[in-house]
Amino acid sequence: MSGGRDDLCFLAVGFAISLALLPLLSAVDPGSLQDFCVAVKDPNNSVFVNGNLCKDPNRVTADDFFLSGLDQPGNTSNPVGSKVTLINADRIPGLNTLGISLARVDYVPNGGLNPPHYHPRATEVFLALEGKFYAGFVASNPDRLISKILNPGDVFVFPAGRIHFQYNIGRTAGRAVSGLSSQNPGIVVVANSVFGSGIDPSVLARAFQMDKELVEQLRKKF
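Note that the coordinates shown come from a computational prediction; the quantities given were computed from them, not determined experimentally. (Residues numbered from 1 in each chain as written. Predicted model: local features only at pLDDT ≥ 70, side-chain atom pairs only at ≥ 80, totals over all residues. Heavy atoms only, no water.)

Quick look at the packing of helix α3 (residues 201–208) against helix α4 (residues 212–221) now. Following both chains from N to C, one finds α3 and α4 inclined at 110 degrees, their axes separated by 9 Å at the closest point. Taken as axis vectors, α3 and α4 run roughly perpendicular relative to one another. The two elements α3 and α4 cross, and the hand of that crossing is right-handed. Contact residues: Pro201, Ser202, Leu204 and Ala205 in α3; Lys212, Val215, Glu216 and Arg219 in α4. Class assignment for the residues of the contact of α3 with α4 results in four nonpolar, one polar and three charged. (Axes fitted to C-alpha atoms, helices over the stretch in contact; angles between N-to-C directions. Helix = DSSP H or I, 4+ residues; strand = E, 2+ residues; numbered from the N terminus. Parallel < 35°, antiparallel > 145°, perpendicular 65-115°, else oblique. Left-handed = near helix turned anticlockwise from the far one by under 90°. Contact = heavy atoms within 4.5 Å. Nonpolar A, V, L, I, M, F, W, Y, C, P; charged D, E, K, R; others polar.)

Here it is in structure tokens:
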């Protein structure tokens, strides 16, 4: 039982720090909350833009701003050995239009990886709770890696739109909490997008200067 209380304590501290730091990052959605919005004249074929429809304020309850269960670890039984549990307006309706979301990330020991990815609409504040992380992001103009070894209690910022990763090099399971400056940050996992989106193998072979046969092998993994 003490382990469960410790989990709740760690997550509470992580949540508080993440929310405290987010205003410093101007936690506001500057534009669209989706990748694109194609104009349509038929209202029957349209969708709501930038968030969700709002509930009548007179019918709002505390449960609209509440979620339990984040003390439970995510299932890390997958090829990369990590699990991201995103808390956004789909999970807590009261987050709608507030410009923030939260994620718990779990990692297996000795190599749990949140693979290189980026959030097109959000800066991320990452708080390490357990484990030891090699983490970093790729800056542009010129491209260069900015990285750091993170221990429990360390905080690292991943700017919006920058490819970043976290790799648990510790011998114990890793845990972290991330605050994101958008209610719908979006995520593009680099390997999945490049090799799993259907780009012609000839394009990838030329871009990565590798044989087309190797490209085909990589595509089968994603």
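That was the structure; now back to the text.
Look at any regular strand and the pattern is simple: side chains alternate between the two faces of the sheet. Relative to strand β6 (residues 144–150), strand β5 (residues 133–139) runs antiparallel, the two being bridged by seven bridges. Bridged to Phe137 within β6 is Ile146. (Pairing = 2+ DSSP bridges.)

Spacing of three or four residues puts side chains on the same side of an α-helix, whose turn is 3.6 residues. Taken together, the buried positions of α3 are Pro201, Leu204 and Ala205. All buried residues of α3 project into a common sector of 100 degrees when viewed along the axis, lining one side. Relative to its buried face, α3 has exposed residues pointing more than 90 degrees away, namely Arg206 and Ala207. Tucked inside the fold, the buried residues of α3 contact α2 (190–196) and α4. The distance from a side-chain oxygen at the start of α3 to the backbone nitrogen of Ser202 is 2.8 Å, and the residue carrying that oxygen is Asp200. Positive backbone phi, approximately 55 degrees, marks Gln209, located one or two places after α3. (Buried < 20%, exposed > 50% of the residue type's maximum accessible area, 1.4 Å probe, protein only. Arc of directions from axis to C-beta. Polar contact = N/O pair within 3.5 Å; in protein donor to acceptor, adjacent residues only side chain to side chain.)

What follows is about unusual backbone geometry. Glycine aside, negative phi is the norm for most residues, and most peptide bonds take the trans geometry. Here the amide bond leading from Asn141 into Pro142 is cis, since omega sits at 0 degrees, within 30 degrees of zero. At Asn141, a position not held by glycine, the phi torsion is positive, near 55 degrees. In this fold, Asn141 is placed in the loop between β5 and β6.

Once that is clear, we can look at the environment of Gly74. Considering the arrangement of structural elements, one finds Gly74 in the loop between α1 (2–21) and β1 (82–87). We classify Gly74 as buried; its relative accessible area is 18%. Residues Gly74 and Tyr107, spaced 33 residues apart in sequence, show a C-alpha to C-alpha distance of 8.7 Å. Once residues within four sequence positions are removed from consideration, Gly74 is found in contact with Lys83 and Asp106.

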